Every structure is written in structure tokens, then in C-alpha cells.
Amino acid sequence: MAAGPDGRAHPSRRDPAESATPVKAVLSRLFPLVVRGGCRTVAPHTTHVPEPSPVLPYEAPGAAPPAPPEPEYGLLPGRPAEAMDGADRGRLLAGAHHDPHSLLGAHPVPGGVRFRVLRPYAESVRVVVDGEPETLAHEGDGLFSGVLPLDAVPAYTLLVTYDGHETGTADPYGFLPALGEFDLHLIGEGRHEELWKALGAHPMVHQGVVGTRFTVWAPNAQGVRVCGDFCHWDGAAFPMRSLGSSGVWELFLPGLGAGATYKFDITRPDGGRTMRADPMARRAEVPPATASIVAESSHAWTDGDWLRHRGDRPVHEAPFSVYEVHLPSWRPGLTYRELAEELPRYVADLGFTHVELMPVAEHPFGGSWGYQITGFYAPTSRLGTPDDFKYLVDALHRAGIGVLMDWVPAHFPRDDWALAEFDGTPLYEHGDPNRAAHPDWGTLVFDYGRREVRNFLVANALYWVEEFHIDGLRVDAVASMLYLDYSREDGQWTPNMFGGNEDLHAVSFLQEMNATVYRRNPGVVTIAEESTAWDGVTRPTDGGGLGFGLKWNMGWMHDSLVYVSKDPVHRKYHHDEMTFSMVYAYSENYVLPISHDEVVHGKQALVSKMPGDWWQRRAGERAYLGYMWAHPGKQLLFMGQEFAQGGEFSEAHGPDWWLLDPSYDAEPDHRGVRDLVRDLNAEYRRAPALWERDTDPAGFSWVAGDAAEDNVFAFLRHAADGAPLLSVSNFSPVVRHDYRLGVPDGYAVWREVLNTDSVRYGGGGVGVGDGDGDGRPVIAAPEPSHGRPASVRLTLPPLATVWLRPV
């Protein structure tokens, strides 16, 4: 059992060396995929025979396959092959040979062609050339060999007998490498932008034969073998070859296809062995099982129109309101395809422009919410297959909803079947234990200075965007990546080459990731969860910035929640908590997040943060949401907060949907808040003043930013054509009558377009004009106020936000 980062045990495939299974019990284990106990079958008469293809050592400089003469040979009795070199034999059988193809398969030798096959537990092996079988001699240890008097390496197949059952197959060691030189060149340089197409397990046709190519990066391994359900998890027969200095190991297994489970059996530099899931696996077993699964997609996308137009308007100049979702618990028990029937309809009804999915990449412990990832290229199998996840994204796009995804390149867990010391050495993590260990989460930090690791992560970002049509990546924990001293004390970190605390390699990685994503996928947005004052997070990379499109405004979130959590009588002493955000509002392109992090671990749900009785708490949440939607920046709201759930988020049971059951007495209270969120989104979309100039200081101006004694905030938002919207928030529990506010000249009549105190939302129904909340016009008078030539007199509802627009 492998201990996960949460301290729980996760099953791992047993090392065959630990098993004492009798030989008779494993006679049918190995290739060629015999029908036995649900295993797959390779029919001997349907296996496609490859063209003659001598296998040469990969390292042989300038080697080229000799051109075979016209085949005029018939089989003559063979002779024994010369004994294999003892050192090669020992390394091969121990899984520590870098070039098994030079020892196995068919090779020209003086006097003919030598055939050597490794089939542990086989009773016999015969080689078939031109329809004629010839039995190979058993050398011991599962090795079978012989020399046939042939002029050149022929096309051939193998007949292998286990427990009296003979099956035909192509020889895995009769194939040239299935990975091209250009791929290896790009991998070596750390510039393979489609790395998922080069590494991992790929069903394919190679040299005319159907099978699966396995490739894995393990540069420090002595040897690597493939094992899986197709060989009863004994990989002795399937050693992989090293493709030179690239550090990549490769093997093509004929007859193997999608659905097979597998791992890599790696011989470490110290001679020990470790069984590892594929870092590039595109599908994984359902946790707590840990094997990788050979995957092949058949999904036919239907969102072409969405993709063509998603970049028509720059994100920072477009409406952008986000509903954050933890998929496994939004509706517990639903699969991706079942979610596709409910989630798009719900989100579209509420008017959000996007959903943001908490991490969907495979992770061993559900309580991590997906933030401790072991399968960076595999959507979690808890909810279905990769194609099922594509179906969900497709359905959201058809409903007009963009899909953002939380992406976690900051760290990974220490599970010993995953990335940690993958080939027996620190590979994906930093070699310095102090740099590798994440002090907060018990995880490991990626080595951003290693080009292959950067490539793994940059390609991963592209993979989700290009293979799953994700519209944006919200990058988790960016601050922990940027600072060498993040959560570390003096003596626990080393300054960079300039003496600073910036992680220059991480900076370079983030810039490369952003530049690459934007270059290849116009219309996609990257979003940084960055909690410090790092300069230039959303500045383009060619201007020295990190290159993100948007940044979470953690300062606004913290300050505003501090303010609304205070009793109204004390709020005047914290007035600047609400106004300070406008000091830096245009330093970056911001998102205002009320995320999952703010409603867990004792922080309380949004409505429960509000002081007062139940009516005041709901009114406070409604006023806060109205203020938030009007404030410069985009909006993000976590699931359950849209209907004033009072309990904290729990991944075990998800949102408290029962609060919306009509049989529940307080259901109208919760439905009213949800109705407000729907109307906020609708009015927001209809008002360009609230999003066209989000990043332009000319799009905002204070009317009353200093009314601390009244707990009032009033400001104007301006569209690109100058059209204004007036937002007024009264965070005191009293009605303020005849409240004068300055307005721009030239707009004689204003109308209330949204009032969070509406009876429809569960409020008292106090209206700004005549007290009945019906949205009647408000007449501007030519009386100067707040530095403006005209003004309006309003009735401000208690604990409420109102929006007004000129008629």
C-alpha cells in the first residue's frame, strides 16, 4: 500500500518479485493475450504480419536496414543460436537492459538469421516464416532461440504455447522505433508542445500492425518494462528500449488496444524496482486503484461555432461572471454525462457566462478536492471516461457557457506509484530536498529549471485547452511558485543569483506557459490565483509581465469580507476596507472571487459571515452581491452561495439543495437570493458600463466614497460610449430617506433597474423613488452635489444595493 499525501493508504500493484505464485498458476499470464479469465485475445490468423524489418541497435550510428533480396527461401532445419553474453543475459532478465531489441527478435548472423524470444512460463515457441513453423530451442529462464538458414530477416510471426494452448502473435521486438527522431529532438530540447502525442500509451498502426506504442521519460533508469492486465502484471517479457540520450524508453506491443491497464516496472539506478503509473496517461483507474489505462477518443465535437467566436471580444472587455463548481459533489453520484444534462441548464438559467471547475485531473484523495494531482493528463475516472468529460464540456458550450478549469502546476503528492522520484531519482521535483518539499501541503515542488519538466507542464496546459476545448485555466497557488522563501524560515531557502527571493525559473515557466497558450489558442484566458503584490501578473510577457489574462483580487476579497462581517454600528471604523480596492483596481485585470476557499474550514458560508438575525444576514448577502457585481472586475461565486446556504462547503455531500425544496418553510428565503443572482447576471449583461471598461480608470468614478458614518458607498460605472450606471450600497440596517447624490449632467431621468431589497428577493420592498420598489423614475435636479452639476434624492433601503440607469 502506498501512503498518499493525506496519510491514507492507496493500493498499488504488487511487484511480481513479492509474489510466491506457483508457476502453474501463471502459465497463461504472458503475451500473447490469450482468452482466459476475461483477458483479451489476439487471434493467430488475424494478426497482421509486418514487412521484413531487421531490428538494429538504436545507438548504431548511421545504421540502415539492409535491403532484403527477393525472398526465395523455404525453411530448412535450424540450428541452435550462440549463447547470449552472460552480462547481457543477466541485465535483460533483471529488467536492466537499455536495448533489449538488440538481443531479442530477428537478427542476421553468419549462416542465417537468429531468432530469440523472451517468454517466461511458455512451454514452447515456434517462429513462422512463409507459413512454415520452426520450433525454437529453450535456453532457460524463458528464453527461446534458434538460427534459420535465411539470407535476410523475413516477415514472421510467433506461435507461443502456454499450458497446452498455442496462440499466434507478431513479435514486439521485430519493430523499428515507433517514435520519430523529430519528436525525440523536441523532447530533448524541452520544446514539444504536443508532448501527449509523443509520450504515454497510444493505440496505433505501426509497420502495418495494430497495437499500442508505450513511451516514457525515465532518463536515470537502468531499465524499464511494461506490465499490465494483459500479462497478469508480470512485465518480465516486455523490456523497453532506451532511445538514446533523450531519456525516453519505447516499446510497441502488437495486438494491444484501448482499455488495457498498465504500469511501468522501472529498475532504479540502485538496482531496486518500482512500479509506476504513466505520468502521461490519458486515463486512469478509479481510485483507490492506481493503474493507467490505454485510451483512445471517439468523441465527435459539436462546438465548432463556440470555438470560432469565443475570442471575438477580449475577455477583459466582455461580461464575465463565473459559477465555481466541485463536480464530484455538485450533484453527488452524477457522472459526467449525467451532469451534462443538469449543469448547463442550471448555470444558463442563472445567467453565468462561465463555470470554473475545481481540478478534474486524476487525484488519489477526494478530500484534496483535486488539488493534489497524480494524473496530470487524465480527467478523474470517478465520474466517467475522458470522452464523457468531453461530452460535458461540449454540452456546456452548446448552452453558451464557457468552461474554466483549475490547473495545479505548483506541486504534486508523494505517492510512491506516481511522480515522486519517478525513476529512482528526483526527476519531476527539485533535486535539493529543501527546494523540493512544499512546507504547507506535504507535497513536492516541480523543478521549473529542468527543461523536460517545464515541457511536461506547458504541454499539459495545452492538452486541456486543445484536447478538451477548455476555455481558460485558473492557475492555482501562483504565489507559492514565485517566491523561494514562500512559507519558509531563514535558513530554509537560498537566494537567487541576484540575491533576491524570486524563483526565476518559475517566473520563466509561467511566462512560457502563458505565451504558448495564447499563441496557439486565441480566445482562451489564463487566470492567476496570486495573493501578493507581484508586479505585472497580467502584463504581457513581452513587457516583462507574467502574461496572465486575469488575476484573482485576493485583497478585495479579504478586505470586503472583513467589512461585512462587522456589526453595522462598527462598520464606519472599517470604511476604508471597502474603498481601498479602488487604489489599485487598475494595476491588474481582476476577478473578484468568493471561492470555495472562503466558505470552508471555519470561515463560514457567505450568508453566515453576516451579523444580525436571519433577515439581516440574507439582506447583508444580497447587498454584498449587488456591490460585488457593480465593482470593477469580473465576478466568481462558489456553488451554494447563490442560494444563501448557511453551512460550509463539504465535498462529502455538496450544496444543501434541500433548502430549495418547496416543502421547506424557509425555501422562499433561499429562492429569493437565487433569484437575485439570476437578475444580477441579467442586468450585468445588459449594462456595458459594468464590463466594457473594467480595466480602464475612466470606467469608474466615486460619487460618495467617504460616507463612513452612513455606511454608504455610491459610485458611477461608465460604458465605452459614456453611458453611466449608478450603484448605491447602504450597509446599515436603517432606511435613509431623501439621500442626495450627485449625478452627471445631461441625464434628467433615472430608473431603478435592480434593488436587492425587492420583495421578490425576500427584502422589505423599499424603493429608491417613492418607497414602493416598483422602479419608477427618479428625476434629477440641477442642484450641485458631490462635485457634479446635478443630483438625485433617493430613499436608500436598509442593507441593500440599488442600481440606477438613465432613461
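Residues numbered from 1 in each chain as written. Predicted model: local features only at pLDDT ≥ 70, side-chain atom pairs only at ≥ 80, totals over all residues. Heavy atoms only, no water.

A. A look at the pairing of strand 27 (residues 590-594). Among the five residues of strand 27, five are classified as buried, and the element is accordingly described as predominantly covered. Alternating residues of strand 27 divide into Tyr590, Leu592 and Ile594 and Val591 and Pro593, and every residue in both groups is buried. In terms of strand pairing, strand 26 (residues 550-552) meets strand 27 through two bridges, oriented parallel. Looking across to strand 27, one finds that Lys551 is bridged to Tyr590. When strand 27 meets strand 28 (residues 634-638), the two strands line up parallel, connected through four bridges. When the sheet's bridge partners are listed, Val591 is paired in strand 28 with Lys634. (Buried < 20%, exposed > 50% of the residue type's maximum accessible area, 1.4 Å probe, protein only. Helix = DSSP H or I, 4+ residues; strand = E, 2+ residues; numbered from the N terminus. Pairing = 2+ DSSP bridges.)

B. Focus on the side chain of Thr374. Residue placement: Thr374 occurs in the loop between strand 21 (361-362) and strand 22 (375-379). Discounting chain neighbours no more than four positions away, the residues touching Thr374 are Glu362, His363, Pro364, Pro413, Asp415, Trp417 and Ala418. (Contact = heavy atoms within 4.5 Å.)

C. Summary view of helix 5 (residues 336-350). The end-to-end C-alpha separation of helix 5 is 20 Å, in line with the 21 Å expected for 15 residues at 1.5 Å each. At Glu342, helix 5 is deflected by roughly 30 degrees, the largest bend along its length, and proline Pro344 occurs up to four residues later in sequence. For helix 5, the set of buried residues is Tyr336, Leu339, Ala340, Leu343, Pro344, Tyr346, Val347 and Leu350. At its buried positions, helix 5 is contacted by strand 19 (321-325), helix 4 (327-330), strand 20 (354-357), strand 22, helix 6 (386-398) and helix 16 (667-686). Just downstream of helix 5 lies Gly351, where phi reads positive at about 85 degrees. (Expected span 1.5 Å × (residues − 1). Bend = angle between axes of the 7 residues up to and from the residue.)

D. The arrangement of the pattern of salt bridges in detail. Counted according to the given criterion, the structure contains 45 salt bridges. When the shortest N-O distance is used, the salt bridge between Asp503 and Arg435 registers 3.4 Å. Here Asp503, found in the loop between helix 9 (478-482) and helix 10 (504-520), pairs with Arg435, found in helix 7 (residues 433-436); they are 68 residues apart in sequence, far enough to count as distant. The salt bridge involving Asp738 is made with Arg793; its shortest N-O contact spans 2.9 Å. Of this pair, Asp738 sits in strand 32 (residues 736-743) while Arg793 sits in strand 35 (residues 790-796), and the two are 55 residues apart along the sequence. Overlapping salt bridges, with partners in common, bring together Glu193, Glu194, Lys197, Glu466, Arg519 and Arg520 in one network. (Salt bridge = Lys/Arg side-chain N within 4 Å of Asp/Glu carboxyl O.)

E. Local environment of the layout of surface pockets. Taken as a whole, the largest pocket spans an internal volume of roughly 630 Å³. Residue lining of the largest pocket: 26 residues in total, with Trp441, Asp476, Ala477, Glu529 and Asp597 positioned closest to the centre. Residue composition of the lining of the largest pocket, grouped by class: eleven nonpolar, eight polar and seven charged. (1 Å grid on protein atoms, 1.4 Å probe; cavity = no way out; pocket = protein on both sides within 12 Å on 5 of 7 lines; lining within 4 Å. Points joined across faces, edges and corners; volume = space filled by probe spheres on them. Nonpolar A, V, L, I, M, F, W, Y, C, P; charged D, E, K, R; others polar.)

F. Layout of helix 16. Along its 20 residues, helix 16 runs 29 Å from first to last C-alpha, staying within 8% of the 28 Å computed at 1.5 Å per residue. For helix 16, the tally of buried residues reaches 15 of 20 residues, placing the bulk of the element in the interior.

G. Inspection of the sheet that holds strand 6 (residues 132-135) at higher detail. Taken in spatial order, the four strands of this open sheet run 6-5-9-10, and their pairing is antiparallel. Each of the sheet's edge strands pairs with one partner strand only, and the pair in question is strand 6 and strand 10 (165-169). Ignoring which end each strand starts from, the neighbouring axes of this sheet average 25 degrees apart. Relative to strand 9 (residues 157-162), strand 5 (residues 124-129) is paired through five bridges, and the arrangement is antiparallel. Bridge pairing links Val125 to Val160 in strand 9. (Axes fitted to C-alpha atoms, helices over the stretch in contact; angles between N-to-C directions.)

H. Quick look at the sheet that holds strand 30 (residues 712-718). Pairing in this open sheet of six strands is antiparallel, and the strands run 29-30-31-36-33-34 from one edge to the other. The sheet terminates laterally at strand 29 (700-707) and strand 34 (777-779), the two strands that pair on one side only. Sheet twist, expressed as the average angle between the axes of neighbouring strands with direction ignored, equals 25 degrees. Packing of helix 15 (residues 614-630) onto the sheet brings it into contact with strand 30, strand 31 (724-730) and strand 36 (800-806), and relative to strand 36 it is tilted by some 40 degrees.

I. Up close: the packing of helix 11 (residues 554-564) against helix 15. One way to put it is that helix 11 packs onto helix 15 with a least axis distance of 12 Å and a crossing angle of 150 degrees. By the angle between their directions, the pair helix 11 and helix 15 is classed as roughly antiparallel. Once helix 11 is placed against helix 15, the crossing between them reads as right-handed. Taken together, the residues of helix 15 that come into contact with helix 11 (itself represented by Trp556, Met557, Ser560, Leu561 and Val564) are Tyr624, Tyr627 and Met628. Of the residues contributing to the contact of helix 11 with helix 15, the split by class is seven nonpolar, one polar and no charged. (Parallel < 35°, antiparallel > 145°, perpendicular 65-115°, else oblique. Left-handed = near helix turned anticlockwise from the far one by under 90°.)

J. The packing of aromatic side chains, seen in detail. Under the definition given, this model contains 48 aromatic pairs. Between Phe389 and Trp464 the ring centres are 6.3 Å apart and the planes differ by 80 degrees, which places this aromatic pair in the edge-to-face class. A residue pair is termed long-range when its members are at least 10 positions apart, and Phe389 in helix 6 and Trp464 in helix 8 (residues 451-467) qualify at 75 residues. Assigned by exposure class, Phe389 and Trp464 land together as buried. Over the ring of Trp615 we find Arg622; its NZ or CZ atom is 5.9 Å from the centre of that ring. (Phe/Tyr/Trp six-rings, centres within 6.5 Å; stacked < 30°, edge-to-face > 60°. Lys NZ or Arg CZ within 6 Å of the ring centre and 35° of its normal.)

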